[in-house]
Amino acid sequence: MKEKELDTIINKYGADPSEIMGMLLDIQEKEKYLPKKDLQHLSVKLGLPLTRIYQIATFYEALSLKPLGHNQIHVCTGTACHVRGAAGILNKLEERLGIKPGEVTSDLNFGLKTVNCVGACALGPVVVVNGEYHGEMTALKADRMLKRLMKN
Ligand code: FES
């Protein structure tokens, strides 16, 4: 990210080091991950040790030091979704994307993850795509959804 854009984010939070989480989330929303040079800039501007920023960035699952993919797909593999066929959905997505959970496609268009429960068990199996919940998912529906996303 350009330093000017980064400074805009920092100033939005009053350059307050206690607001570091909000700044990191804003950077990630824009960049799809937390680039090293952005964290170095934050460290200088906020007077926070870089090691402290890395501690935060690695502690929270919502933050990532690696590119996340333009489209983020989370397959719920919690118990309720598992018994309703989450594994078959995950297999279909892995096969179609050519990646495993925790990986990103080489064009950075898709990232795939599994989650334990997204709190919508009654709708299971659930797949969350870019923050949007898709319930009663099947491998066939997941395949169609992926085709639509690939066209965009
Ligand atoms: S187990 Fe999947 S939403 Fe709860």
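Thresholds applied
Residues numbered from 1 in each chain as written. Predicted model: local features only at pLDDT ≥ 70, side-chain atom pairs only at ≥ 80, totals over all residues. Pairing = 2+ DSSP bridges. Helix = DSSP H or I, 4+ residues; strand = E, 2+ residues; numbered from the N terminus. Axes fitted to C-alpha atoms, helices over the stretch in contact; angles between N-to-C directions. Domains from an automatic or database assignment.

## Looking at the sheet that holds strand β3 (residues 127-129)
By definition, the strands of a sheet pair up through backbone hydrogen bonds, in either a parallel or an antiparallel sense.
Next up, step 1: Overall, mixed pairing links the 4 strands, which are arranged β2-β1-β3-β4 in an open sheet. Edge strands, defined here as strands with exactly one partner in the open sheet, are β2 (110-115) and β4 (132-134). On average, each strand axis in the sheet is tilted by 20 degrees relative to the strand beside it, whichever way the strands run.
Next up, step 2: For strand β1 (residues 71-76) and β2, the ladder comprises 6 bridges, and the chain directions are parallel. The partner of Cys 76 across the bridge, within β2, is Val 115.

## Focus on the domain arrangement of the chain
Next up, step 1: Each domain of the chain was delimited in the assignment, giving domain 1 (3-59) and domain 2 (71-151).
Next up, step 2: One C-alpha centre belongs to domain 1, the other to domain 2, and the line joining them spans 30 Å.

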